[in-house]
Amino acid sequence: MSEIVILKKEKMDGSITAFDIEPPFPLPERTKFGVDPGTVNMGLAILHTKSAQLFKIKMVRADKALDRMLEVQRVLTLCIRWFGKSPLAIIEGAAFMKSNYRQVEIAEVRASMALWFHKYKVEVEIVPPNTIRKQVFGHGRTKNPWSNLQDDLAASLGCAYYDSSKTSN
(Lines give C-alpha, C1' and ligand atoms only; values in the text may rest on other atoms or scores of the structure.)
Protein backbone atom coordinates (compact mmCIF):
# COMPACT_ATOMS: atom_id res chain seq x y z
CA MET A 1 0.00 0.00 0.00
CA SER A 2 1.23 3.46 -0.75
CA GLU A 3 1.81 5.91 2.06
CA ILE A 4 -0.99 8.02 3.49
CA VAL A 5 -1.05 11.53 2.02
CA ILE A 6 -1.39 14.05 4.83
CA LEU A 7 -3.19 17.13 3.56
CA LYS A 8 -3.08 19.17 6.77
CA LYS A 9 -1.71 18.75 10.29
CA GLU A 10 -2.73 20.85 13.30
CA LYS A 11 -2.26 20.75 17.07
CA MET A 12 -5.39 20.85 19.17
CA ASP A 13 -6.00 21.01 22.92
CA GLY A 14 -3.24 19.36 24.98
CA SER A 15 -1.60 16.51 23.16
CA ILE A 16 -4.05 16.03 20.32
CA THR A 17 -2.78 16.28 16.77
CA ALA A 18 -5.31 16.30 13.93
CA PHE A 19 -4.46 15.20 10.40
CA ASP A 20 -6.62 15.70 7.33
CA ILE A 21 -5.64 12.88 4.98
CA GLU A 22 -6.24 11.68 1.45
CA PRO A 23 -8.40 8.58 2.02
CA PRO A 24 -6.49 5.37 1.16
CA PHE A 25 -9.73 3.58 0.17
CA PRO A 26 -13.11 4.85 -1.06
CA LEU A 27 -15.02 6.81 1.56
CA PRO A 28 -18.10 5.17 3.10
CA GLU A 29 -21.67 6.25 2.42
CA ARG A 30 -22.16 6.96 6.13
CA THR A 31 -20.01 8.59 8.79
CA LYS A 32 -17.62 6.08 10.35
CA PHE A 33 -15.49 6.45 13.45
CA GLY A 34 -12.59 4.10 14.14
CA VAL A 35 -10.90 3.99 17.52
CA ASP A 36 -7.72 2.33 18.72
CA PRO A 37 -8.33 2.74 22.48
CA GLY A 38 -5.70 3.32 25.10
CA THR A 39 -5.14 4.78 28.54
CA VAL A 40 -2.27 6.97 27.31
CA ASN A 41 -1.98 6.71 23.51
CA MET A 42 -5.08 6.56 21.38
CA GLY A 43 -5.88 6.83 17.68
CA LEU A 44 -9.16 8.13 16.26
CA ALA A 45 -10.18 8.10 12.60
CA ILE A 46 -13.22 9.90 11.24
CA LEU A 47 -14.48 9.15 7.75
CA HIS A 48 -17.24 11.35 6.43
CA THR A 49 -18.66 10.96 2.95
CA LYS A 50 -16.26 13.64 1.62
CA SER A 51 -13.29 13.76 4.03
CA ALA A 52 -11.00 11.71 6.24
CA GLN A 53 -9.34 12.80 9.46
CA LEU A 54 -7.02 11.16 11.97
CA PHE A 55 -6.34 12.19 15.56
CA LYS A 56 -3.19 11.24 17.47
CA ILE A 57 -4.11 11.52 21.14
CA LYS A 58 -1.75 11.40 24.08
CA MET A 59 -3.32 11.53 27.52
CA VAL A 60 -1.88 11.54 31.02
CA ARG A 61 -2.84 8.21 32.60
CA ALA A 62 -5.06 8.85 35.59
CA ASP A 63 -4.81 6.53 38.58
CA LYS A 64 -8.56 6.24 39.13
CA ALA A 65 -10.77 4.32 36.71
CA LEU A 66 -13.51 6.95 36.68
CA ASP A 67 -10.99 9.70 35.89
CA ARG A 68 -9.66 7.66 32.92
CA MET A 69 -13.21 7.10 31.64
CA LEU A 70 -14.13 10.78 31.96
CA GLU A 71 -10.89 11.86 30.25
CA VAL A 72 -11.53 9.68 27.20
CA GLN A 73 -15.06 11.11 26.92
CA ARG A 74 -13.65 14.64 27.18
CA VAL A 75 -11.20 13.85 24.36
CA LEU A 76 -13.96 12.44 22.14
CA THR A 77 -15.96 15.62 22.75
CA LEU A 78 -12.98 17.73 21.67
CA CYS A 79 -12.36 15.75 18.48
CA ILE A 80 -15.83 14.89 17.22
CA ARG A 81 -17.85 17.90 16.16
CA TRP A 82 -20.33 16.35 13.73
CA PHE A 83 -21.87 12.89 13.53
CA GLY A 84 -23.30 12.89 10.03
CA LYS A 85 -26.05 10.56 8.86
CA SER A 86 -26.41 7.03 10.34
CA PRO A 87 -23.03 7.14 12.12
CA LEU A 88 -21.15 3.99 13.11
CA ALA A 89 -18.23 3.64 15.53
CA ILE A 90 -15.90 0.66 15.39
CA ILE A 91 -13.81 0.31 18.55
CA GLU A 92 -10.89 -2.09 18.42
CA GLY A 93 -11.51 -4.92 20.88
CA ALA A 94 -9.05 -6.82 23.01
CA ALA A 95 -6.23 -8.82 21.50
CA PHE A 96 -6.19 -12.23 23.15
CA MET A 97 -2.49 -12.68 23.64
CA LYS A 98 0.08 -12.17 26.34
CA SER A 99 0.09 -8.47 26.83
CA ASN A 100 1.12 -5.89 29.35
CA TYR A 101 -1.06 -3.17 27.82
CA ARG A 102 -3.35 -2.83 30.88
CA GLN A 103 -6.22 -4.73 29.25
CA VAL A 104 -8.58 -4.23 32.21
CA GLU A 105 -8.06 -0.45 32.06
CA ILE A 106 -8.49 -0.46 28.29
CA ALA A 107 -11.74 -2.41 28.72
CA GLU A 108 -12.97 0.42 30.95
CA VAL A 109 -11.96 2.93 28.29
CA ARG A 110 -13.81 0.92 25.60
CA ALA A 111 -16.96 0.82 27.71
CA SER A 112 -16.73 4.56 28.37
CA MET A 113 -16.33 5.25 24.63
CA ALA A 114 -19.19 2.95 23.69
CA LEU A 115 -21.50 4.69 26.17
CA TRP A 116 -20.39 8.14 24.94
CA PHE A 117 -21.12 7.21 21.31
CA HIS A 118 -24.43 5.58 22.32
CA LYS A 119 -25.48 8.80 24.08
CA TYR A 120 -25.20 10.57 20.70
CA LYS A 121 -27.13 7.81 18.91
CA VAL A 122 -24.06 6.39 17.16
CA GLU A 123 -24.21 2.66 16.44
CA VAL A 124 -21.24 0.95 18.13
CA GLU A 125 -19.37 -2.28 17.42
CA ILE A 126 -16.36 -3.62 19.30
CA VAL A 127 -14.35 -5.87 16.98
CA PRO A 128 -11.17 -7.90 17.62
CA PRO A 129 -8.08 -6.42 15.95
CA ASN A 130 -7.22 -9.52 13.87
CA THR A 131 -10.74 -9.54 12.38
CA ILE A 132 -10.34 -5.90 11.35
CA ARG A 133 -6.83 -6.40 9.96
CA LYS A 134 -7.80 -9.48 7.96
CA GLN A 135 -10.68 -7.68 6.25
CA VAL A 136 -9.11 -4.24 5.74
CA PHE A 137 -5.41 -5.02 5.29
CA GLY A 138 -5.76 -8.53 3.80
CA HIS A 139 -4.05 -10.39 6.65
CA GLY A 140 -4.66 -10.59 10.41
CA ARG A 141 -0.98 -10.13 11.20
CA THR A 142 -0.62 -6.89 9.21
CA LYS A 143 -0.63 -4.22 11.90
CA ASN A 144 0.30 -1.20 9.84
CA PRO A 145 0.70 -1.14 6.05
CA TRP A 146 1.64 2.56 6.03
CA SER A 147 5.21 3.45 6.95
CA ASN A 148 4.37 7.11 7.55
CA LEU A 149 1.64 6.46 10.15
CA GLN A 150 2.10 5.49 13.77
CA ASP A 151 0.52 2.16 14.69
CA ASP A 152 -2.37 3.63 16.70
CA LEU A 153 -3.35 5.85 13.75
CA ALA A 154 -3.17 2.91 11.33
CA ALA A 155 -5.27 0.78 13.70
CA SER A 156 -7.92 3.49 14.04
CA LEU A 157 -8.05 3.93 10.26
CA GLY A 158 -8.45 0.17 9.85
CA CYS A 159 -11.32 0.27 12.35
CA ALA A 160 -13.03 3.06 10.41
CA TYR A 161 -12.83 1.05 7.19
CA TYR A 162 -14.05 -2.18 8.78
CA ASP A 163 -17.43 -3.35 7.47
CA SER A 164 -19.25 -5.92 9.60
CA SER A 165 -21.63 -6.72 6.74
CA LYS A 166 -18.70 -8.35 4.93
CA THR A 167 -17.91 -10.68 7.84
CA SER A 168 -19.11 -14.22 7.39
CA ASN A 169 -20.19 -16.22 10.44
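Cut-off values and rules
Residues numbered from 1 in each chain as written. Predicted model: local features only at pLDDT ≥ 70, side-chain atom pairs only at ≥ 80, totals over all residues. Heavy atoms only, no water. Axes fitted to C-alpha atoms, helices over the stretch in contact; angles between N-to-C directions. Helix = DSSP H or I, 4+ residues; strand = E, 2+ residues; numbered from the N terminus. Parallel < 35°, antiparallel > 145°, perpendicular 65-115°, else oblique. Left-handed = near helix turned anticlockwise from the far one by under 90°. Contact = heavy atoms within 4.5 Å. Nonpolar A, V, L, I, M, F, W, Y, C, P; charged D, E, K, R; others polar. Buried < 20%, exposed > 50% of the residue type's maximum accessible area, 1.4 Å probe, protein only. Pairing = 2+ DSSP bridges. Expected span 1.5 Å × (residues − 1).

J.: Account for the packing of helix H1 (residues 65-79) against helix H2 (residues 103-119), with residues named and values stated.
T.: The contact between H1 and H2 brings their axes to 9 Å, and the two run at 45°. Taken together, the axes of H1 and H2 lie oblique to each other. The hand of the H1/H2 crossing is right-handed. Across the interface between the two elements, Ala65, Arg68, Met69, Val72, Gln73, Leu76 and Thr77 from H1 touch Glu105, Glu108, Val109, Ser112, Met113, Trp116 and Phe117 from H2. Looking at the contact of H1 with H2 residue by residue, the classes come out as eight nonpolar, three polar and three charged.

J.: Hey, could you go over the pairing of strand S4 (residues 41-47) for me, with residue numbers and the actual values?
T.: The buried count for S4 comes to six of seven residues, which makes it a mostly enclosed element. Inspection of the sheet shows strand S3 (residues 32-36) paired to S4 by five bridges, in the antiparallel sense. Opposite Lys32, over in S4, you have Leu47 as the bridge partner. Linkage of S3 to S4, two consecutive antiparallel strands, is achieved through a turn of four residues.

J.: Can you explain the environment of Arg110? Please cite residues and give values.
T.: Tracing the sequence through the fold places Arg110 in helix H2. Residue Arg110 is classed as buried on the basis of its relative accessible area of 8%. Not counting chain neighbours up to four residues away, the residues in contact with Arg110 comprise Pro37, Ile91, Glu92, Gly93, Ala94, Gln103 and Ile126.

J.: If you had to explain H2 to someone new, which residues and values would you point to?
T.: An α-helical turn contains 3.6 residues, so a residue and the one three or four places further along point in the same direction. A rise of 1.5 Å per residue sets the reference length of H2, with its 17 residues, at 24 Å; its end C-alpha atoms lie 24 Å apart and thus fit the reference within 8%. Of all the positions in H2, only Glu105, Ile106, Val109, Arg110, Ser112, Met113, Ala114, Trp116 and Phe117 are classed as buried. Considering only its buried residues, H2 is in contact with S3, S4, H1, strand S6 (88-92) and strand S7 (123-127). Where H2 ends, the next residue or the one after it, Lys121, has phi of about 60°, a positive value.

J.: Got a sec to walk through the sheet that holds S3? Specific residues and values, please.
T.: Spatially, seven strands are ordered S1-S2-S5-S4-S3-S6-S7 in an open sheet, and the strand pairing comes out mixed. Edge positions in the sheet fall to strand S1 (5-11) and S7, since each has one partner strand and no second. Across the sheet, the axes of successive neighbouring strands diverge by a mean angle of 20°, strand direction being ignored. Taken together, the six bridges between S1 and strand S2 (residues 16-22) define a ladder with antiparallel strand orientation. Across the sheet, Lys11 pairs through a bridge with Thr17, a residue of S2. Against the sheet, H2 contacts S3, S4, S6 and S7, and its axis sits at roughly 180° relative to S6.

J.: I'd like a description of the packing of helix H3 (residues 129-137) against helix H4 (residues 151-161), backed by residues and values.
T.: Packed helix pairs are characterised by how far apart their axes lie and by the angle those axes make with each other. In the contact formed by H3 and H4, the axes pass within 9 Å of each other and the chain directions differ by 75°. Between H3 and H4, the crossing angle belongs to the class labelled roughly perpendicular. Where H3 abuts H4, its residues Ile132, Gln135, Val136 and Phe137 lie against Ala154, Gly158, Cys159 and Tyr161.

J.: Break down unusual backbone geometry for me, citing the residues and quoting the values.
T.: Most peptide bonds take the trans configuration, and most residues that are not glycine carry a negative phi. Positive phi, normally seen in glycine, also occurs at Ser86, with a value near 50°. Overall, the relative accessible area of 44% leaves Ser86 in the partly exposed class. Of note in this structure, Lys121 is not a glycine but carries a positive phi near 60°. Along the chain, the position of Lys121 falls in the loop between H2 and S7.

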